[in-house]
Amino acid sequence: MTLHDAVRTEIEALHEFFVGWFSGALDRNAEVFADGFQRRFCDDFLLVPPAGTRLAVADLGGGVERAHGSNREFRIAIRAVEIQLQTPTVVVATYEEWQRNAMASTPPDNGRIATVVFERAAADSMALRWRLVHETWLPAEVMAAGDYDF
């Protein structure tokens, strides 16, 4: 497996968890939540969503946990994963996150570009932990023309 494959796999796996959790397809139990969400993040993880707020992993966990089964039609597609920088202990990547039927977003069918900073234990490690995500809306005309057939 290449580092790019590991990065893509980790990004897709977290977002598959979100779809499964919010749609109710995953069982609601502590182990599923810990494996799919909590164990992926550094203790000081920070999310900056498109609105520009700052959310620590502690701020996110309760809301995500309570949202189990809240949006059965929610879907995510990950596109355009690219590694921007890698060091022995850090990987910076960008990706597009396309959401369909996102009840908590306006518009509910939307796209954003995200920059993620991963920590890794060593230069040869494929184990990645999320340290930072910063998201920005894609331009309105790009979202309007987007492919939401996923």
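Figured I'd write up the structure that's included with this text.

The rules we used
Residues numbered from 1 in each chain as written. Predicted model: local features only at pLDDT ≥ 70, side-chain atom pairs only at ≥ 80, totals over all residues. Heavy atoms only, no water. Phe/Tyr/Trp six-rings, centres within 6.5 Å; stacked < 30°, edge-to-face > 60°. Helix = DSSP H or I, 4+ residues; strand = E, 2+ residues; numbered from the N terminus. Buried < 20%, exposed > 50% of the residue type's maximum accessible area, 1.4 Å probe, protein only. Lys NZ or Arg CZ within 6 Å of the ring centre and 35° of its normal. Expected span 1.5 Å × (residues − 1). Salt bridge = Lys/Arg side-chain N within 4 Å of Asp/Glu carboxyl O. Arc of directions from axis to C-beta. Contact = heavy atoms within 4.5 Å. Pairing = 2+ DSSP bridges. Axes fitted to C-alpha atoms, helices over the stretch in contact; angles between N-to-C directions.

**As for the packing of aromatic side chains**
Scanning the model with the defined rule gives 15 aromatic pairs in all. On the numbers, 5.5 Å between centres and 25° between planes, the contact of phenylalanine 17 with tryptophan 21 is stacked. Linking phenylalanine 17 with tryptophan 21, this pair stays in helix α1 (residues 3-23), spanning four residues, or about one helical turn. Here phenylalanine 17 falls in the buried class, since its relative accessible area comes to 4%. Tryptophan 21 gets classed as buried once you look at its relative accessible area, which sits at 0%. An aromatic cluster of three or more residues is present, and its members are Phe17, Phe18, Trp21, Phe22, Phe33, Phe37, Phe41, Phe45, Phe74, Phe118 and Trp130. It is arginine 100 that lies over the ring of phenylalanine 150; its NZ or CZ is 5.4 Å from the centre.

**Re α1**
Over its 21 residues, α1 runs 30 Å from end to end, which matches the ideal 30 Å to within 8%, given 1.5 Å per residue. Phi turns positive, to about 85°, at glycine 24, one or two residues after α1.

**Digging into the pattern of salt bridges**
Within this structure, the stated rule accounts for eight salt bridges. A salt bridge links glutamate 31 to arginine 39; the shortest N-O distance between them is 3.0 Å. For glutamate 31, a relative accessible area of 46% translates into the label partly exposed. Since its relative accessible area comes to 47%, arginine 39 is described here as partly exposed. Among the ionic pairs, glutamate 119 bridges to arginine 131, the shortest N-O distance being 2.6 Å. Residue glutamate 119 is located in strand β5 (residues 110-120), and its partner arginine 131 is located in strand β6 (residues 128-137); the two are separated by twelve residues in the primary sequence. For glutamate 119, a relative accessible area of 26% gives the class partly exposed.

**Some remarks on helix α3 (residues 57-66)**
For α3, the complete set of buried residues consists of Val57, Leu60, Gly61 and Val64. Along the axis of α3, the buried positions cluster into a sector of 105°, meaning they face one direction only. Set apart from the buried face of α3 by more than 90 degrees, the exposed residues are Ala58 and Arg66. Against α1, α2 (30-36), β1 (41-48) and β2 (55-56) lie the buried residues of α3.

**A word on the sheet that holds β6**
Read from one edge of the open sheet, six strands run β2-β1-β6-β5-β4-β3, paired in mixed fashion. The outermost strands of the open sheet, each flanked by one partner alone, are β2 and β3 (75-86). Here β5 runs beside β6; their pairing, made up of nine bridges, is antiparallel. From the neighbouring strand, isoleucine 113 faces β6, where its bridge partner is threonine 136. The strands touched by α1 are β1, β3, β4 (90-100), β5 and β6; relative to β3, the strand with the most contacts, the crossing angle is about 150°.

Read these as spatial facts, not as claims about activity.
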